[in-house]
Amino acid sequence: MQARKLIRRQIGYELPGISPLLNRLYVGRGIVDPEELDHSLANLLPPDSFKGMAKSVSVLQEAIINQQRILIVGDFDADGATSSALMVSCLKAMGAEHVDYLVPDRFKFGYGLTKEIVEVALGFSPDVIVTVDNGISSVEGVDAAVSNNIKVVITDHHVSGATLPAADAILNPNQPGCAFPSKAIAGVGVAFYLLSALRSSLREINWFTHGQPNLADFLDLVALGTIADVVPMDKNNRILVAEGLKRIRAGRARPGIYALISISGADHARVTSRDLAFGIGPRLNAAGRLENMSLGIECLLADKDRALELANRLEQLNTERKSIEADMKAQAQEDISQYQTLGQNEFGVGVCLFHPQWHQGVVGIVASRIKDQIHRPVIAFAKASEHELKGSARSIPGLHIRDALDTIAAKNPGLLVKFGGHAMAAGLSIEPRNFEKFRQLFDEEAQRWLSEEDLEQVVVSDGEIDEELSLSLATMVIEAAPWGQGFPEPVFDGEFEVLDQRIVASRHLKLKLRPINSTNTLEAIAFNHDRLLERRQLRLAYRLDINRYRGLESVQLIVECVDLS
């Protein structure tokens, strides 16, 4: 953890009927009306303004009524897995008898509905292909499907390119001309909206003779996919996540999610968005990173016994992923430190990293870890073949990574084989011989986007807490909202005396602290901080957590930074 500048959120507004602490948290995140905190389903945005909704519903309704074969083509991350499980289970609940799914093997086919995946899809003899969390860039793949007399419905949330696929219907809030207000919705959210509109349409024609599915029963999947995809938590996404969490806590989720929660060590009755982000999501993603996401989808679709078996396999893969990540991260940090040793500090504004032995399923995590460490946009590359490097990009506020790649591609035709993504994350492919050229161009483009102020490492704090750090206070803060990207979990700062410290698991700093002007002692942990502190009194930035062990609960601080200026 490097030294960071402390910035406190400025609060200049009071919400009626809200405690001073929660007022500080909400107003600091842009809330100016208490109604914005009403996360009930009644406040969900209606689907009417979704461009392409009517046509998408029409294609699927015809497929269900005529019992056509429907094939869901997903993505190999948690958003894609939850989207696939949602589509398969919900369409079957609506009466579709022939629904299958297909997820591209990232190591053989790469991302999206490619021509090669269409060839594989022909083995399912589909009448309709529905993409989830992908497809908006699949111009050639859609053409291949259409040429085989397959109807295609694209559901996606990624930013579209200059040319849209010639699909029968496209449902994507980020396509040109779509007036749906929430541009931050995840792929699983788009799929949920389509299914909701489809159910309404089927209901109008009296299709349901023996009961109809309650779409709210599928919100556990929507919550998990939304949080795991790290999309901005605007009000609409907060509603989807809050309602999904409510159902998980109430015991109304599917066995696969409970199996993953159990394996992660969390308590489903008290599950939070943090548990989904750091406990469940990584275990589900491990399947797509190291093997095939079909394993994760099967876990989400399985009954209790099968789900536990598959969750254990996902746990094994996640452990393997951690080991691979640790080795790759160490190599990346060595590359960064070499720049600093040479006195260049300037590894660049836009950073590109590559090792021939790196695992292409893990480069995204490494890019994210290094981005957090040096506060620069980072692209980590792995060797996919003798003719292709696959990169995974992670950005910082101030640089829209997909738009930056688009600019580079437009100015340098043929340099990028393919790319796609959104503001904070993207994927791309280049030829190995073009790595150094791309590295230079990406750095130049990043310099064009980012100012010195953008590159300054800061901790944004919600200020000090001037009351006892009790269990009730920690619970109130943790459960005050479904925190996430763009609506961040509260971070506080304060002066503490270090009473005891030790390194645990070779890489985490375990602390016993006493707040200044208090007699209480608190446990704290600084993850990925593998050295002891020299000072006995210092200002820390931290998040509130509750440690549960053998039936006992205590407040624990998750230390974000130990060196504030």
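To start, this report covers the structure provided alongside it. (Residues numbered from 1 in each chain as written. Predicted model: local features only at pLDDT ≥ 70, side-chain atom pairs only at ≥ 80, totals over all residues. Heavy atoms only, no water.)

## Some words on helix α13 (residues 363-374)
Step number 1: An ideal rise of 1.5 Å per residue puts 16 Å on 12 residues; α13 measures up with 16 Å between its terminal C-alpha atoms.
Step number 2: In terms of burial, α13 is a largely internal element, nine of the 12 residues being buried.
Step number 3: For α13, the complete set of buried residues consists of V363, G364, I365, V366, A367, S368, I370, K371 and I374.
Step number 4: Just downstream of α13 lies H375, where phi reads positive at about 55 degrees. (Helix = DSSP H or I, 4+ residues; strand = E, 2+ residues; numbered from the N terminus. Expected span 1.5 Å × (residues − 1). Buried < 20%, exposed > 50% of the residue type's maximum accessible area, 1.4 Å probe, protein only.)

## A short note on the environment of E315
Step number 1: Tracing the backbone through its elements, the reader meets E315 in helix α12 (residues 304-341).
Step number 2: According to the relative accessible area criterion, E315 is partly exposed, its value standing at 23%.
Step number 3: For the pair E315 and V73, spaced 242 residues apart in sequence, the C-alpha separation works out to 25 Å.
Step number 4: In this structure, E315 is in contact with I263 and R283, ignoring residues within four places of it in sequence. (Contact = heavy atoms within 4.5 Å.)

## Focus on the state of the cysteines
Step number 1: Enumeration over the complete set of coordinates arrives at zero disulfides.
Step number 2: Looking at C90, it has no disulfide partner, and the nearest cysteine sulfur is the one in C299, 19 Å off. (Disulfide = S-S within 2.5 Å.)

## Quick notes on the sheet that holds strand β15 (residues 522-526)
Step number 1: Strand order in the closed barrel formed by five strands is β13-β14-β15-β17-β16, and the pairing between neighbours is mixed. Across this sheet, the average inter-strand angle for adjacent strands is 45 degrees, counted without regard to direction.
Step number 2: Running at roughly 90 degrees to strand β16 (residues 537-549), helix α17 (residues 471-478) makes contact with β13 (492-504), β16 and β17 (552-561) of the sheet. (Pairing = 2+ DSSP bridges. Axes fitted to C-alpha atoms, helices over the stretch in contact; angles between N-to-C directions.)

## So, unusual backbone geometry
Step number 1: You will see that N149, though not glycine, has its phi angle at about 60 degrees, which is positive.
Step number 2: Along the polypeptide, N149 turns up in the loop between α5 (139-147) and β5 (151-155).
Step number 3: A positive phi is found at N517, a non-glycine position, where the angle reads about 70 degrees.
Step number 4: If you trace the backbone, N517 turns up in the loop between β14 (508-515) and β15.

## Notes on the packing of helix α3 (residues 78-93) against helix α6 (residues 187-204)
Step number 1: Where α3 contacts α6, the axes come no closer than 8 Å and their chain directions differ by 15 degrees. The angle between the axes of α3 and α6 places the two elements in the roughly parallel class. The chirality of how α3 crosses α6 is right-handed. In this structure, α3 uses D79, T82, S83, L86, M87, C90 and L91 to contact α6, whose residues at the interface are G187, V188, A191, F192, L194, L195 and L198.
Step number 2: By residue class, the composition of the contact of α3 with α6 is 10 nonpolar, three polar and one charged. (Parallel < 35°, antiparallel > 145°, perpendicular 65-115°, else oblique. Left-handed = near helix turned anticlockwise from the far one by under 90°. Nonpolar A, V, L, I, M, F, W, Y, C, P; charged D, E, K, R; others polar.)

## What about the sheet that holds strand β3 (residues 99-102)?
Step number 1: In space, the five strands of this open sheet follow the order β3-β2-β4-β5-β6, with parallel pairing throughout. At either margin of the open sheet sits one strand with a lone partner, and together these are β3 and β6 (169-171). Taking each pair of neighbouring strands and ignoring which way they run, the sheet shows an average axis angle of 20 degrees.
Step number 2: Sheet topology note: the β5/β6 ladder contains three bridges and is parallel. What sits directly across from V153, in β6, is A169.
Step number 3: Packing against the sheet, α6 makes contact with β4 (128-132), β5 and β6, and its axis sits at approximately 125 degrees to β5.

## Let's talk about α6
Step number 1: The terminal C-alpha atoms of α6 lie 26 Å apart, and with 18 residues this matches the ideal 26 Å at 1.5 Å per residue to within 8%.
Step number 2: Taking burial as the measure, the 18 residues of α6 include 14 buried ones, the bulk of the element.
Step number 3: N206, located one to two residues past α6, shows a positive phi value of around 60 degrees.

## Description of the pattern of salt bridges
Step number 1: Enumeration over the complete set of coordinates arrives at 31 salt bridges.
Step number 2: In this structure, E436 engages R439 in a salt bridge whose closest nitrogen and oxygen atoms are separated by 3.3 Å. You can see E436 and its partner R439 sitting in helix α15 (residues 435-449), three residues apart, about one turn around the helix.
Step number 3: Look at R439 and you get partly exposed, because its relative accessible area is 24%.
Step number 4: Among the ionic contacts, a cluster of salt bridges with common partners joins R8, E464, D493, E495 and R539. (Salt bridge = Lys/Arg side-chain N within 4 Å of Asp/Glu carboxyl O.)

## Details of the packing of helix α9 (residues 255-264) against helix α10 (residues 273-290)
Step number 1: Here α9 crosses α10 at 110 degrees, and the two axes come no closer than 9 Å. By the angle between their axes, α9 is roughly perpendicular relative to α10. Helix-helix and strand crossings are classified by hand; for α9 and α10 the assignment is right-handed. On α10, the residues touching L260, I261, I263 and S264 of α9 are G279, I280, R283 and L284.

## A look at the environment of V231
Step number 1: Here V231 lies in the loop between α7 (219-228) and α8 (235-249).
Step number 2: Spatially, the C-alpha atoms of V231 and A169 are 24 Å apart, while their sequence positions differ by 62 residues.
Step number 3: Discounting chain neighbours no more than four positions away, the residues touching V231 are H157, A184, A186, T226, N237 and Q485.

## A few points about the pairing of β13
Every other side chain in a regular strand lies on the same face of the sheet, so the side chains alternate between the two faces.
Step number 1: Bridge analysis of β13 against β16 gives six bridges, and the strand direction is antiparallel. Looking at the pairing, F492 lines up with Y542 of β16.
Step number 2: In the sheet, β13 pairs with β14 via eight bridges, with the strands oriented antiparallel. Its bridge partner lying in β14, V498 is registered against L513.
Step number 3: Taking the residues that link successive antiparallel strands as the turn, the β13-β14 hairpin has three residues, and the phi of A505 there is positive, at about 55 degrees.

## Considerations on the packing of aromatic side chains
Step number 1: In the structure shown here, the tally under the stated rule is 12 aromatic pairs.
Step number 2: On the numbers, 5.6 Å between centres and 85 degrees between planes, the contact of F496 with Y542 is edge-to-face. Taken together, the positions of F496 in strand β13 and Y542 in strand β16 put the pair 46 residues apart, joining distant regions of the chain. Taken as a pair, F496 and Y542 share a single burial class, namely buried.
Step number 3: Every member of this aromatic cluster is reached through a ring pair, and the members are F354, F381, F435, F438 and F442.
Step number 4: Above the face of the F487 ring, R238 is positioned so that its terminal group lies 4.2 Å from the ring centre. (Phe/Tyr/Trp six-rings, centres within 6.5 Å; stacked < 30°, edge-to-face > 60°. Lys NZ or Arg CZ within 6 Å of the ring centre and 35° of its normal.)

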